[in-house]
Amino acid sequence: MGDYKSSSTPTHEGEQHLIAAARHIMQALRSSSFLTDDLRKTLSDLESHLSAIAAITESKTEEFSEFEKRLKSAEEKVFSWESNNQIMIWDSGPVEASNYLKSIDEIQTLIQNFTSLSVDENGKHKELFYRADSVLQLAMSRLEEELIHILVRYKQYPEPEYMSFRLSGADIVYDESFVSVDEESIEEASQRNRYTNESDDYYVVDLVQPLAIPHLKSIAKAMFASNYGYEFCHSFINTRKYALDEYLVVLGVQIFSIEDVLKMEWTSLNLEIKKWSWIMKIIIRVYLASEKWLCEQILAEFGSVSSFSFLDISKATMACLLNFGEAIAMGSRRPEKLFSLLDMYEVLADLLLDIDALFMEETGSFIRIEFHELMKSLGNLAKTTFLEFGNAIATSNTSSNPFSGGGIHPLTRYVMNYIKTLTEYGRTLNFLIKDQCIEDSNSALELEDRQGIEDLFSSTFYPTAHHLLSITSTLKSSLDSRSKLYKDAALQHVFLMNNIHYMVQKVKSSKLMFFFGDEWIREHIAKVQRHATSYERATWSSVLSLLRDDNQQSHSFSKANFRERCRAFSIAFEEVYKSQTGWSIPDFELREGLQISTAQNVIQAYRTFVGRISGNISDKDVKYTVDDLEKYLFHLFEGSPRSLHHAFIRRR
């Protein structure tokens, strides 16, 4: 029992016993009659030292007692919440939270001041030190729970007006046969095939309710002061990561591997690309910007901890988004992908400064580098796809059968609406192809196109304009080849007239006019007119020759001869009517103009002929009146073959 007491007796208690013994010896010495003056002075000095030592020892005893009392009080406060762990401290009000933090601060102070007391490795000091450290650990664990609870309870997601995701327009789907393209879907698609937002006004929002920020800061301060900063960051980062994952689900983000993306059908992939473009802006400009602000609010006073925490929270999400983009950049150079590629490129270019600001520290450099590399890859793929579009036209499937009715070929509709949509990306395309050598493609341009591009040389749109003109030149070459599939020369001209007129109308009614210029429009309007004139010659020259006199006097013809010429003209006209009512001129004004021009020539010649022969044959020998003929001529080019045989029988 004595040994146990000796081993557990603090050092200052032993000192008190020694001092008492020393004083007893000194009193005995003073009573001796043999003391010299020097010895008496020495004993007096020793007495003074012993008194000082006694005072210090007493002070340490009182200090140790106070230490134990303060620790017990703080310990009771911490333990009281452990026995009631169903209720959160910060939910109980600011007073309870403040008292709990004061208890932690008290424990921190006691531990820091512990070294001022003399330490006996086998004594009660060690026991109390471990008690204080254990209570502190318990308090830190509770603070972690409180931290997570506050982050979860007070979290909120940005809900700005622009967050409703909608798609506008239809897709221009490339098909080598070009027979599946209809005018309505292309017209819709030409209205910029991209995601829509009501506003581009992005801003930082509160991801945690502002009233909770002081609570989080007080917990951070307490834990960092206790050297539990790592534990705080671990809980904070994991909780915020989970919140970000939840938000991605709200936005409809799906995780795809590169293999998934490469195998995806274009319709589904195109939708995912539009969602990606929309989500990138929301995540980077709103969510991550707000997340960084939250980290700075809570952790800024702890140095680089704020930047490291933000990086840890955001890097998985950024990797997911960038991986999707990288998978797209690895895909094929299909024409219909170009608009989506340009959208993705423009989104990244628009967000470049935001990314550089969010990850400006060296620790986030790998995200900046990946972002820049992805933008470059998408730009290169878009550039190559754009430059190869002309080749796709030239090598598109050419059927051995002519396009029915000589109307507007699906290839013409596709190409013109495709390049019409491309004008919305003029500045981006100019940047991407600014260094493209144009000499290689000059051979594809017709003479008037080369002159037009020279007029546009100083234009901001020059690089794109040059290539668009090259594309239309390739298109016209393809149309020339396709026109030769028609055996009827007149139908060849109708086909070319229709398609060139369609090209002109698309240019005149869109931004293409700024790329092509007035000279191109004038030249191609003249081409349309030349084909109309050539059609009239190819169709009506031989028919109208049956009505001419050939410089002979009308009286030299017999009645039978007049009848034969009348019959031959009627047969020829019926053949034209039967075939050319099935021909198509879709544009009303173009069709009406050609009908009027044709009627003027034909009716004038027919009226003259009928007037000349009226005295030689009876009316019943004239199969068609002038009014009949004029009416029938306005049936031409409507795309529905008709026959005049039954109409004639009924009239007779």
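If you look the protein chain up in an unreviewed UniProt entry, it shows as Exocyst subunit Exo70 family protein from Prunus dulcis. On record in UniProt, under Function (unreviewed entry), the comment for the protein chain is "Component of the exocyst complex." In UniProt, the protein chain has this text filed under Sequence similarities (unreviewed entry): "Belongs to the EXO70 family."

(A) Geometry of the overall build of the protein chain. Regarding its fold elements, the protein chain presents 24 helices and two strands. When the 652 residues of the protein chain are sorted by exposure, 46% land in the buried category. Partitioning the contacts of the protein chain with sequence separation of at least 6, the portion at a separation of at least 24 is 81%. Summed over its atoms, the accessible surface of the protein chain is roughly 32500 Å², and 51% of this surface lies on carbon and sulfur atoms.

(B) Up close: the nonpolar core. If you look at the biggest cluster of nonpolar residues, it comprises 169 residues, and the most contacted ones within it are Phe232, Phe236, Ile283, Phe371, Ile419, Leu422 and Trp540. A total of 18 residues in this core trace back to one element, the largest contributor, which is helix H10 (residues 266–299). Leaving out residues up to four positions away in the same chain, phenylalanine 236 has contacts with Leu147, Leu151, Leu294, Cys295, Ile298, Leu299 and Ile313.

(C) Quick look at the environment of isoleucine 148. Mapped onto the secondary structure, isoleucine 148 falls in helix H5 (residues 124–153). Each C-alpha atom of the pair isoleucine 148 and serine 235 lies 6.7 Å from the other, and the pair is 87 residues apart in sequence. Those residues within four positions of isoleucine 148 in sequence are excluded, and the remaining contacts are Ser235 and Thr239.

(D) Expanded view of the environment of phenylalanine 403. Counting through the fold element by element, phenylalanine 403 comes out in the loop between helix H14 (389–394) and helix H15 (410–422). C-alpha of phenylalanine 403 to C-alpha of arginine 482: the two residues are 79 residues apart in sequence and 8.0 Å apart in space. The residues contacting phenylalanine 403, other than those within four sequence positions of it, are Ile408, His409, Pro410, Tyr486 and Phe495.

(E) Quick look at the side chain of serine 570. With respect to the element layout, serine 570 can be found in helix H21 (residues 559–580). The class of serine 570 is buried, set by a relative accessible area of 3%. Apart from the residues within four sequence positions on either side, serine 570 is in contact with Lys623 and Tyr624.

(F) Broad picture of unusual backbone geometry. The residue asparagine 227 is not glycine, and still its phi comes out positive at about 65°. Along the chain, the position of asparagine 227 falls in the loop between helix H7 (213–225) and helix H8 (229–251). Non-glycine residue phenylalanine 637 carries a positive phi angle of around 70°. One can find phenylalanine 637 in the loop between helix H23 (626–633) and helix H24 (645–651). The buried category is assigned to phenylalanine 637, whose relative accessible area is 1%.

(G) Looking closely at the packing of helix H18 (residues 462–483) against helix H20 (residues 512–545). The geometry of H18 relative to H20 is characterised by a closest axis approach of 10 Å and an angle of 30° between their N-to-C directions. Looking at the two axes, H18 sits roughly parallel to H20. Of the two elements, H18 crosses H20, and the hand of that crossing is right-handed. Facing H18, whose interface residues are Thr464, Ala465, Leu468, Leu469, Thr472 and Lys476, H20 presents Leu512, Phe515, Phe516, Trp520, His524 and Lys527. Here the residues of the contact of H18 with H20 sort into seven nonpolar, three polar and two charged.

(H) Region of the structure containing H15. Relative to the 18 Å expected for 13 residues at 1.5 Å per residue, H15 spans 18 Å between its end C-alpha atoms, a close match to the ideal helical length. For H15, the tally of buried residues reaches 13 of 13 residues, placing the bulk of the element in the interior.

(I) Local environment of the pattern of salt bridges. Following the criterion strictly, the structure yields 20 salt bridges and no others. The salt bridge partner of arginine 334 is glutamate 336, with a shortest N-O separation of 2.4 Å. The exposure class of glutamate 336 is buried, given its relative accessible area of 3%.

(J) Representation of the side chain of histidine 635. Structurally, the position occupied by histidine 635 is in the loop between H23 and H24. Here tyrosine 577 takes part through its side chain, which lies 2.5 Å from a polar atom of the side chain of histidine 635. Here histidine 635 is in contact with Tyr577, Thr581, Gln595 and Arg642, once residues within four sequence places are set aside.

(K) Structural detail: the packing of aromatic side chains. Scanning the model with the defined rule gives 24 aromatic pairs in all. Ring geometry for phenylalanine 339 versus tyrosine 418: centroids 4.8 Å apart, planes at 55°, classification tilted. Placement of the pair is phenylalanine 339 in helix H12 (residues 338–358) and tyrosine 418 in helix H15, with a sequence separation of 79 residues. When its relative accessible area of 0% is taken as the criterion, tyrosine 418 is described as buried. Chaining the aromatic ring pairs together yields one cluster made of Trp540, Phe569, Phe573, Tyr577, Tyr606, Tyr624 and Tyr632.

(L) Main features of the packing of H20 against helix H22 (residues 588–613). The contact between H20 and H22 brings their axes to 11 Å, and the two run at 35°. Considering the relative orientation of H20 and H22, their crossing is right-handed. For the pair formed by H20 and H22, the contact residues are Val528, Ala532, Tyr535, Glu536, Trp540 and Leu544 on the first element and Leu590, Leu594, Ser597, Thr598, Asn601, Val602 and Ala605 on the second. Broken down by class, the residue content of the contact of H20 with H22 amounts to nine nonpolar, three polar and one charged.

(M) How the structure looks around helix H19 (residues 489–508). For H19, which comprises 20 residues, the first-to-last C-alpha distance of 29 Å matches the rise-based estimate of 28 Å (1.5 Å per residue) to within 8%. For H19, the buried fraction is high: 15 of the 20 residues fall into the buried class. Where H19 begins, the capping side chain belongs to aspartate 488, and its oxygen is found 2.9 Å from the backbone nitrogen of alanine 490.

(N) Highlighting the confidence of the model for the protein chain. Residue-level pLDDT values for the protein chain average 81, and 73% of them are 70 or greater. For residues 1–11, every residue scores under 50 in pLDDT, and the model assigns this stretch four contacts once sequence neighbours within four places are set aside.

(O) Summary view of the environment of asparagine 498. Topologically, asparagine 498 is positioned in helix H19. With 33 residues separating them along the chain, asparagine 498 and histidine 531 place their C-alpha atoms 9.2 Å apart. Discounting chain neighbours no more than four positions away, the residues touching asparagine 498 are Gly406, Gly407, Ile408, Ser584, Ile585, Pro586 and Leu590.

Cut-offs applied
Residues numbered from 1 in each chain as written. Predicted model: local features only at pLDDT ≥ 70, side-chain atom pairs only at ≥ 80, totals over all residues. Heavy atoms only, no water. UniProt positions renumbered as here; feature names shortened; annotations may be inferred. Helix = DSSP H or I, 4+ residues; strand = E, 2+ residues; numbered from the N terminus. Buried < 20%, exposed > 50% of the residue type's maximum accessible area, 1.4 Å probe, protein only. Contact = heavy atoms within 4.5 Å. Areas by Shrake-Rupley, 256 points an atom, 1.4 Å probe, with all protein chains shown as cover. Core = buried A, V, L, I, M, F, W, Y, C linked by side-chain atoms within 4.5 Å. Axes fitted to C-alpha atoms, helices over the stretch in contact; angles between N-to-C directions. Parallel < 35°, antiparallel > 145°, perpendicular 65-115°, else oblique. Left-handed = near helix turned anticlockwise from the far one by under 90°. Nonpolar A, V, L, I, M, F, W, Y, C, P; charged D, E, K, R; others polar. Expected span 1.5 Å × (residues − 1). Salt bridge = Lys/Arg side-chain N within 4 Å of Asp/Glu carboxyl O. Polar contact = N/O pair within 3.5 Å; in protein donor to acceptor, adjacent residues only side chain to side chain. Phe/Tyr/Trp six-rings, centres within 6.5 Å; stacked < 30°, edge-to-face > 60°. pLDDT = per-residue confidence, 0-100.

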